[in-house]
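For reference, the chains in residue letters:
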Amino acid sequence: AQSVTQLDSQVPVFEEAPVELRCNYSSSVSVYLFWYVQYPNQGLQLLLKYLSGSTLVKGINGFEAEFNKSQTSFHLRKPSVHISDTAEYFCAVSPRDQGGKLIFGQGTELSVKP
Amino acid sequence: GAVVSQHPSWVICKSGTSVKIECRSLDFQATTMFWYRQFPKQSLMLMATSNEGSKATYEQGVEKDKFLINHASLTLSTLTVTSAHPEDSSFYICSARDLGAGTEAFFGQGTRLTVV
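The following paragraphs examine the structure supplied in this document. Quantities reported herein were computed from a predicted structural model and do not represent experimental measurements. (Residues numbered from 1 in each chain as written. Chains lettered and ligands numbered in written order. Predicted model: local features only at pLDDT ≥ 70, side-chain atom pairs only at ≥ 80, totals over all residues. Heavy atoms only, no water.)

1. Comments concerning unusual backbone geometry
Residues and elements named next belong to chain B.
- Here the amide bond leading from His 7 into Pro 8 is cis, since omega sits at 0°, within 30 degrees of zero.
- Relative to the helices and strands, Pro 8 resides in the loop between strand S1 (4-7) and strand S2 (10-13).
- With a phi angle near 60°, Lys 41 is a residue other than glycine that sits in the positive phi range.
- Tracing the backbone shows Lys 41 in the loop between strand S4 (32-38) and strand S5 (44-51). (Helix = DSSP H or I, 4+ residues; strand = E, 2+ residues; numbered from the N terminus.)

2. Quick look at the pattern of salt bridges
- Under the criterion given, the structure shown has 9 salt bridges over all chains.
- Glu 59 of chain B is paired through a salt bridge with Lys 101 of chain A; the nearest N and O atoms lie 3.8 Å apart. Remark: Lys 101 of chain A occurs in the loop between strand S10 (87-95) and strand S11 (103-104) and Glu 59 of chain B occurs in the loop between strand S6 (57-58) and strand S7 (67-73); the pair is interchain, linking two chains.
- Judged by its relative accessible area of 25%, Glu 59 of chain B is partly exposed. (Salt bridge = Lys/Arg side-chain N within 4 Å of Asp/Glu carboxyl O. Buried < 20%, exposed > 50% of the residue type's maximum accessible area, 1.4 Å probe, protein only.)

3. Notes on the sheet that holds strand S8 (residues 76-81) of chain B
Residues and elements named next belong to chain B.
- Strand order across the open sheet formed by 4 strands is S1-S3-S8-S7, with antiparallel pairing between neighbours. Sheet topology places S1 and S7 at the edges, where each strand pairs with a single neighbour. Taken pair by pair, the neighbouring strands of this sheet meet at an average axis angle of 15°, ignoring direction.
- Examined bridge by bridge, strand S3 (residues 19-25) and S8 share 6 bridges and lie antiparallel to one another. Considered in S8, the bridge of Val 19 is made with Val 81. (Pairing = 2+ DSSP bridges. Axes fitted to C-alpha atoms, helices over the stretch in contact; angles between N-to-C directions.)

Listed below in structure tokens is the structure:
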């Protein structure tokens, strides 16, 4: 079984400040790791994913995440946020033998203030 | 590429009626599609895995007779909410797995269902 914990339900931050959204997971099998963003009343957009190889993954819109196997974490970071980054962010894992199936964390609401 | 279209984007129905939601992969073939449910301010919960040409696999606690899933072709899966009640009001989102890119599934825009 898998579970995903996003440690912060809400993260308020000022524009142009750095931000980190934290994600920890547990799984009895190997997994792929994902971060998605969701704007109100819309579907999900993939920000980035970790499949294998380099543990630092770069995604769209200036986001990056680092996979830490020993700490079972996959934290999302951005060095300078914009107002337009205000949205809900979801961390998710996908068992490697069940391609496409996703288990989501509870979500983190990022609120960027001017 | 990798576009998933979900229809309708929103629907209001009367209690006791049934509602069908469609999920189409527009530019790729999808042997597997997934249906998720999202309550306001909450995360997405997997309801079922839909495989083309076979019965869907439902997650624990999801009523298979209430949420009917059909995956008749490689590009279309449907979710029918039967005898809908107000507590079924939710945001339903589908995703489709590309045969040629097995590690990722692509999401539809979601359907907002309101049962009155």
